[in-house]
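Remarks on the overall topology
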Amino acid sequence: MRKKHLDMVDAVHAEFDQMKASLPDELIDGAGLVHPIACGRGCHACCLIEVAVTASEILRIKAFVENLPRNASEKIKTRVRHARRAIGDKTGLDRKTSGVMCPLLADGVCTIYLVRPLTCRAWVSADAERCDHDANEPLAGTKVMYSTTLKGYSEDLFRQIVTSERRENTVGGSYELIRALHIGWQDDQFTVGFYGGKPVLAKARFVPFDWDAN
Ligand code: SF4
């Protein structure tokens, strides 16, 4: 069951990547102007935003990190602990102004890139300067243009994972990445609880953010 479930997450992520690869590397604004996508390796200003994840994606990330060499996985777990402490109860704009970056980021690179959540896969920008400005001055309200197509597709697939969770009677729903990861590593009974449908992630419940506000 465990492998089957992780395979399902991988298959959904692969489906998303395939769809993304079939699209042109550009965004079209409201005036019909075409903007090339600016995202690239080492670019990580968006890794400041609260990320909505499914419970299954948390399980997938956990399995990935636990398979890394011990030193690397311990570093990630330590960063998650520190980030969890640093965000406290903050959400939304408060969270963004706190400047706490995703603890899965190291030296500007996503350490779990292969298994990153759908939300991260879908977030593309056509203007790296705007992303940086938004990250450095969150109160300025800089709007970053995103892909409505990828957003819609990632939401459909997000729901597909949640439907599969319901069918399997595991934990299901939408959670906030840092809080959920922290629980995933602090609670010895997390995996058993997940498959038993226990509310192990209740304290990490999260309504996906409003993309237009970011
Ligand atoms: S999981 Fe990776 S891509 Fe997503 S916010 Fe964290 S570091 Fe960035």
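Let me begin by describing the structure that accompanies this report.

**Regarding helix α8 (residues 177-186)**
Along an α-helix, residues three or four positions apart point the same way, because every turn accommodates 3.6 residues. Burial within α8 is extensive, with 7 of its 10 residues counted as buried. Residues of α8 that are buried in the fold lie against β3 (52-54), α2 (55-66), α3 (70-87), β6 (174-176) and α9 (190-195).

**Observations regarding the site of the ligand**
Looking at the ligand, the residues that line it are Cys47, Val51, Cys102, Leu104, Leu105, Cys110, Ile112, Arg116 and Cys120. Considering only residue class, the shell around the ligand consists of 8 nonpolar, no polar and 1 charged.

**Topic: the nonpolar core**
The biggest cluster of nonpolar side chains holds 39 residues, and the ones touching the most others in it are Ile58 and Ala180. Of all the secondary-structure elements, those providing two or more residues to this core are α1 (2-22), β3, α2, α3, α5 (118-122), α7 (148-168), α8 and α9. Looking at which element gives the most residues to this core, the answer is α2, with 5 residues. Residues contacting alanine 180, with those up to four places away along its chain left out, are Val53, Ile58, Tyr175, Leu201 and Ala204.

**Notes on the packing of α3 against α8**
Running from N to C, α3 and α8 cross one another at 125°; their axes reach a closest spacing of 9 Å. As the angle between them shows, α3 and α8 are arranged oblique. Of the two possible hands of crossing, α3 and α8 adopt the one that is left-handed. When α3 is examined against α8, the residues Lys77, Val80, Arg81, Ala83, Arg84 and Ile87 are found in contact with a partner set consisting of Ile178, Arg179, Leu181, His182 and Trp185.

**A closer look at the environment of leucine 105**
Of note, leucine 105 is situated in strand β4 (residues 105-106). Overall, the presence of 17 C-beta atoms within 10 Å leaves leucine 105 in the partly exposed class. Here leucine 105 is in contact with His44, Cys47 and Cys110, once residues within four sequence places are set aside.

Basis of the calculations
- Residues numbered from 1 in each chain as written.
- Predicted model: local features only at pLDDT ≥ 70, side-chain atom pairs only at ≥ 80, totals over all residues.
- Buried ≥ 20, exposed ≤ 12 C-beta atoms within 10 Å, placed from the backbone.
- Helix = DSSP H or I, 4+ residues; strand = E, 2+ residues; numbered from the N terminus.
- Contact = placed C-beta atoms within 7 Å.
- Near = placed C-beta within 6 Å.
- Nonpolar A, V, L, I, M, F, W, Y, C, P; charged D, E, K, R; others polar.
- Core = buried A, V, L, I, M, F, W, Y, C linked by C-beta atoms within 7 Å.
- Axes fitted to C-alpha atoms, helices over the stretch in contact; angles between N-to-C directions.
- Parallel < 35°, antiparallel > 145°, perpendicular 65-115°, else oblique.
- Left-handed = near helix turned anticlockwise from the far one by under 90°.

The values reported here are purely geometric and, on their own, carry no functional implication.
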